[in-house]
Amino acid sequence: MTVTRTGPLPTGPEAEYDVVVVGAGVVGCAIARALARHPLRVALVEAASDVGDGTSKANTAILHTGFDAAPGTLEARMVREGHRLLGAFASEAGIPVEPLGALLVAWDEQQRAALPRLAEKAERNGHLATRLLSADELRAREPHLGPGALAGLAVPGESVICPWTTTLAYATQAVRSGVDLHLDCRVEKVRTGDPWHRLVTRRGALRTRHLVNACGLHADAFDALLDRRDFTVTPRRGQLLVFDKFARDLVRHILLPVPGPLGKGVLVSPTVYGNVMLGPTAEDLDDKTATGTTAEGLAGLREQGGRIVPALLDEEVTAVYAGLRAATGQEDYRCTAHPALRYVTVGGIRSTGLSASLALAEHVLGLLADCGLDPGPERPLAPVRMPNLGEAFRRPYRDAELIARDPEFGMIVCHCERVTRGEIRAAYASEIPPAGPDGLRRRTRARGGRCQGHFCGAEVRALSESYGKGAR
Amino acid sequence: MNRVVDVLVVGAGPAGLAAAARLAAAGAGRVEVLERERAAGGVPRYCGHPGFGADRRGRPLDGPAYARLALRAALRSGAVVRTGVSATGWAGPLTLDVTAPTGLERIRAHAVVLATGARERPRSARLVPGTRPAGVLTTGELLRTAGTFEGERGVLRERIGRRAVVVGGEPVARHAVGALRAAGVEVAAVMTELPRTAQGFGAVPVLTRTSVVELLGRGRLTGVAVRGRDGRTSVLRCDTVVFTGDWIPDHELARARGLAPAPGTRGPVTDSAYRTAEPGVFAAGNLLRGVEPAQVAAAEGRAAAGSVLGLLAGRACPAAGVPVLTAGPLRWVTPGLLGPAPAVPLLVRPDRRLVRPLLTVTQDGSPLRRERLRGEQAPWRSVRLGPEWTSGVDPAGGPVIVGTEEYAP
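Residues numbered from 1 in each chain as written. Chains lettered and ligands numbered in written order. Predicted model: local features only at pLDDT ≥ 70, side-chain atom pairs only at ≥ 80, totals over all residues. Heavy atoms only, no water.

A. Structural detail: the overall build of chain B. The helix and strand tally for chain B stands at seven helices and 29 strands. For 409 residues, the compact-globule estimate of 2.2 N^0.38 gives 22 Å, and chain B sits close to it at 22 Å. Dimensions along the principal axes, computed over C-alpha positions, put chain B at roughly 60 × 60 × 45 Å. Considering chain B as a whole, with its 409 residues, one finds that 58% of them fall into the buried category. (Helix = DSSP H or I, 4+ residues; strand = E, 2+ residues; numbered from the N terminus. Rg over C-alpha atoms; globule rule 2.2 N^0.38 Å. Buried < 20%, exposed > 50% of the residue type's maximum accessible area, 1.4 Å probe, protein only.)

Rendered as structure tokens:
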């Protein structure tokens, strides 16, 4: 149960594991957490300096029901089960979730014609509660929709969630339950062997009996370290715009596009932080680091968003960002057990990894058993209760009892997001402290608001330097 | 904890402190100023350059000195100034929810003066594409960083960067350049989409008609891609970029009370008595628009205090008057409503450089005023249009339109 970020890795028996999970995104963290229920020595190894620092940090933050997945696929099953599991875990761990429900909005006859088919597909995926809506019913539910909406399909159960807290909660619970987390620890070579695989990292070597590849965008490259070349990951960029909190009253549901021949379209969705998100674009790229936004991408999003909710464009933009989904050219996940190598690849988790994460973790446990892992008896995980970042729940600055106990929770530092000094201190005192300003933002929302640090940047930095080891 | 005060002023910058000083001096009762930062004074606290008027002996004031005097004046007249205290929302008419280290409070007042100021738009609100590296800031963050880490001079440069590009050509960009150079940061260039900048950038190269098209770098900024006047794109190497100007009122509390931002100013609409549409709620200073010098904001605070005193003697009533709008190359005008009294000058902000413009004021097509301005008008300075003509406004008529005809010799 250690978290390391710098210096050489432990050596000897301390560097010998039953399972090493490579990649601390939402899926890798969920797998490590599932393994932590068993008396195993487990390490979670991550190239970046924080958990959830790749695809998991820049997505659409939706907990999907799986109503529109391709029926019969692994993805359909994982998302459906994951939705249920994560919903339950979220309330236990204090992860903000708002079950707003989704509305698919048809803007032309072709899209309207597709709605009944989508309702049937949802039924085949076990989602029986969808409902077709007339234009009037749609407008009654979403008064700020732009002109021309013809009909809709209501999908109850679709929820918005905090993706940062989710990943961090998994990792925190895993660490508390005995998993070693090694950050800033890129795996450069794998020498397979029996009974030990040897992993050479930037910070030293590890030995493990079983190995899990949860490398997301880099899953193909990691496979190649073990001479497996089953698929190629093509990064699919999604650019997103986040609008100011004043836009929140304009949107009541997750507004999903009706998928059609011209692609999936963009969605407009509230966030648990009280903003409204617009996106994503879908651009297939070669560069797995191309997380920049483009002028064309942002202009296109504004044009599409302006048709869906015209009043949105009058509001200020709080953030622009882009994330990369791990597409593999196949319409399903690529989860494979390689028993001869005692190795499991969890690949092609495209854009539903957050929703599916807990079900995937159970699935991977099964695949590890296929590779000969005997996990031993189950025991309860150490409990976690995460700091709340959600607007729908009580935040520290509104918590009189908390402030009475500790006045630092009454000292607002980041005024736009109302983050207090106490929360920043607590983030640095947590099991997995932030490695820099972005990590702090994902743990507290500090500096993530409309002023982007104009007012609070200097003070947040000074606090980071005094509570942590520096903010860069 | 629930309390009642006579006047609650939100924001201890130039406007809020000036309003509080006059109110307390005039015997308005308990006048309480809430400041969410750890010290009172507002933006001038961070502006270590002259341009804030002079003290009684005629010595020029810099921002911090101005802020100290403004605070002292408010305290001497009996106002209560509380720092580190945030007004987070409304619990009802004239009642604010407040978070402080001492706990939560719900404060009701007979009148509320909003003086929450303005901020610069950050990169995201300007829709600048690219990556999200460290080293991207506004003048506000730059000046606050310099202030926060003052006295640790040797490491200030390390905290800011080695080589910076400053975006914007207004006077505030000059202050950004000054702060960067004082910290030992090289300024590679000042760049602006405007055809001309304010004066005083010294030896720093100034690129006009140039826009930022992309931020580059992972982890840390490595450069900005810019498109110059010839339409060509090139990369300026730097590890820091400061976005200056492009002000927007910090109108959160005003909006939370249902006061919609006016299209030009993005601030709440007020009449000439600084009343908003919400009875008993006044607004003054740079919350009304971004952004005027501290002395202008303070004068508005004092004037608003006069209206508050009137209200305390009588009854709360909402803003009244004929809407005032702009046409042509004018960005905004304040006040947004021309009421029966008092007669106040209009502040009009050009959208771009204007040469000897003719300002025109009309109502329902009838001219109320034509005034030829001298010389050049810059988009970072407002034009003051005297109030003599306002008696001609028809209170039952349509909106008053302020427009301009440019000089054509």
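B. Focus on helix H1 (residues 14-25) of chain B. Residues and elements named next belong to chain B. Over its twelve residues, H1 extends 16 Å from the first C-alpha to the last, a length consistent with the 16 Å expected when each residue adds 1.5 Å. For H1, a buried count of ten out of twelve residues is recorded, marking the element as mostly surrounded by other parts of the structure. When H1 is considered as a whole, its buried residues turn out to be Pro-14, Ala-15, Gly-16, Leu-17, Ala-18, Ala-19, Ala-20, Ala-21, Leu-23 and Ala-24. Of the residues one or two after H1, Gly-27 is the one with positive phi, at around 80 degrees. (Expected span 1.5 Å × (residues − 1).)

C. Region of the structure containing the pattern of salt bridges. Residues and elements named next belong to chain A. Enumeration over the complete set of coordinates arrives at 67 salt bridges over all chains. One salt bridge in this structure joins Glu-137 and Arg-131, with 3.3 Å as the shortest N-O distance. The class for Glu-137 is partly exposed, based on a relative accessible area of 30%. When its relative accessible area of 41% is taken as the criterion, Arg-131 is described as partly exposed. Here Arg-425 ties to Glu-408 by a salt bridge, and the two come within 2.9 Å at their closest N and O atoms. A residue pair is termed long-range when its members are at least 10 positions apart, and Arg-425 in helix H10 (residues 421-429) and Glu-408 in the loop between helix H9 (400-405) and strand E22 (412-414) qualify at 17 residues. Taken together, the shared-partner salt bridges connect Asp-50, Asp-53, Lys-57, Arg-442 and Arg-443 into one network. (Salt bridge = Lys/Arg side-chain N within 4 Å of Asp/Glu carboxyl O.)

D. Quick peek at the sheet that holds strand E14 (residues 211-216) of chain B. Residue and element names in this part refer to chain B. Across the sheet, which stays open at both edges, the three strands sit in the order E14-E15-E16 with antiparallel pairing between neighbours. The two strands at the open ends of the sheet, each matched to only one other strand, are E14 and strand E16 (233-237). Taking the axes of each pair of neighbouring strands and ignoring which way they run, one obtains an average angle of 30 degrees across the sheet. Two strands pair when backbone bridges link them, and E14 and strand E15 (residues 223-227) are joined in this way by five bridges, in the antiparallel orientation. (Pairing = 2+ DSSP bridges. Axes fitted to C-alpha atoms, helices over the stretch in contact; angles between N-to-C directions.)

E. Main features of the domain arrangement of chain B. Residues and elements named next belong to chain B. Under the domain assignment, chain B is made up of domain 1 (2-119 + 247-313), domain 2 (122-243) and domain 3 (322-405). Distance between the C-alpha centres of domain 2 and domain 3: 34 Å. On the domain 2 side of the interface with domain 3, the three residues burying the most area are Glu-170, Leu-194 and Arg-196, jointly 68% of the side's total. Counting the contacts that link domain 2 with domain 3 gives one salt bridge. For Glu-376, the salt bridge goes to Arg-196, with nearest N and O atoms at 3.2 Å. Across the contact surface, domain 2 and domain 3 share one residue pair in polar contact (both at pLDDT 80 or more). (Domains from an automatic or database assignment. Buried area = accessible area lost by both parts, 1.4 Å probe. Polar contact = N/O pair within 3.5 Å; in protein donor to acceptor, adjacent residues only side chain to side chain.)

F. A look at the UniProt feature "domain: BFD-like [2Fe-2S]-binding" (unreviewed entry) in chain A. Mapped onto this numbering, the UniProt entry annotates "domain: BFD-like [2Fe-2S]-binding" (unreviewed entry) at residues 412-463 of chain A. For residues 412-463 of chain A, the helix share is 46%, the strand share is 10%, and the end-to-end C-alpha distance is 12 Å. (UniProt positions renumbered as here; feature names shortened; annotations may be inferred.)

G. Summary view of the packing of aromatic side chains. Residues and elements named next belong to chain A. On inspection of all chains with the given rule, the structure shows four aromatic pairs over all chains. Centre to centre, the rings of Phe-89 and Tyr-170 are 5.6 Å apart; their planes meet at 35 degrees, and the pair counts as tilted. Taken together, the residues Phe-89 in helix H2 (residues 74-93) and Tyr-170 in helix H5 (residues 163-176) connect sequence positions 81 residues apart. Note on accessibility: Phe-89 and Tyr-170 belong to one class, buried. With 6.3 Å between their ring centres and 40 degrees between their planes, Phe-222 and Tyr-343 make a pair best called tilted. Note that Phe-222 is positioned in helix H6 (residues 219-225) and Tyr-343 in strand E21 (residues 343-347), a separation of 121 residues in sequence. (Phe/Tyr/Trp six-rings, centres within 6.5 Å; stacked < 30°, edge-to-face > 60°.)

H. Broad picture of the side chain of Thr-208 of chain A. All names here are of chain A. Turning to its location among the elements, Thr-208 is positioned in strand E13 (residues 204-213). Take Thr-208: its relative accessible area is 0%, and that puts it in the buried class. Of note is the side chain of Thr-208, whose polar atom sits 2.6 Å from the backbone oxygen of His-210. Setting aside anything within four residues of it in sequence, one finds Thr-208 in contact with Tyr-17, Asp-18, Val-19, Val-20, Pro-195, Trp-196, His-197 and Leu-199. (Contact = heavy atoms within 4.5 Å.)

I. Layout of the interface of chain B and chain A. Each partner contributes residues to the interface: chain B has 45 residues there, and chain A has 47 residues. Between chain B and chain A, the buried area comes to about 4,000 Å², and carbon and sulfur atoms account for 50% of it. Summed over the shared surface of chain B and chain A, the result is eight salt bridges. The partner of Glu-252 of chain B in a salt bridge is Arg-450 of chain A, with the nearest N and O atoms 3.2 Å apart. Connecting chain B to chain A are 19 residue pairs in polar contact (both at pLDDT 80 or more).

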